[in-house]
Amino acid sequence: MKITHITNFETWKMMGEHYGFDPYEQVDHSIDTGGGNSMDWEYTGDIPDKED
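**Student:** Help me out: how do you make sense of the sheet that holds strand 3 (residues 37-43) in this one?
**Tutor:** Remark on secondary structure: sheet strands pair via backbone hydrogen bonds, oriented parallel or antiparallel. An order of 1-3-2 is seen for the 3 strands of this open sheet, with the pairing classed as mixed. The open sheet has two free edges, formed respectively by strand 1 (3-6) and strand 2 (28-34), since each of these has just one partner strand. Direction aside, the axes of adjacent strands within the sheet are offset by 20° on average. Note that strand 2 and strand 3 share 6 bridges and pair antiparallel. Bridging from a neighbouring strand, isoleucine 31 pairs with methionine 39 of strand 3. Its contacts with the sheet place helix 1 (residues 9-19) against strand 1, strand 2 and strand 3, and it is angled at close to 135° to strand 3.

**Student:** Please explain the pairing of strand 3 as it appears in this structure.
**Tutor:** For a regular strand, side-chain orientation follows a simple rule: the groups alternate between the two sheet faces. Alignment of strand 1 against strand 3, held across 4 bridges, turns out to be parallel. Bridged to isoleucine 6 within strand 3 is tyrosine 43. Counting the residues in the hairpin turn of strand 2 and strand 3 gives 2 residues, including glycine 35, whose phi is positive at 65°.

Rules and cut-offs
- Residues numbered from 1 in each chain as written.
- Predicted model: local features only at pLDDT ≥ 70, side-chain atom pairs only at ≥ 80, totals over all residues.
- Heavy atoms only, no water.
- Pairing = 2+ DSSP bridges.
- Helix = DSSP H or I, 4+ residues; strand = E, 2+ residues; numbered from the N terminus.
- Axes fitted to C-alpha atoms, helices over the stretch in contact; angles between N-to-C directions.
- Contact = heavy atoms within 4.5 Å.

That's the geometry; what it means functionally is another story.
So this is what it looks like as structure tokens:
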């Protein structure tokens, strides 16, 4: 398993919008690509305060 580390919050936020997760609450995300394989990401930067 290879984990891609994301350090830019704007990138992580766009991924959250695309894949349907809350980037302020979730710091990792994976997708099953079939055949026992997956794509895995982990956000390792600072999480800013959530905008209202």
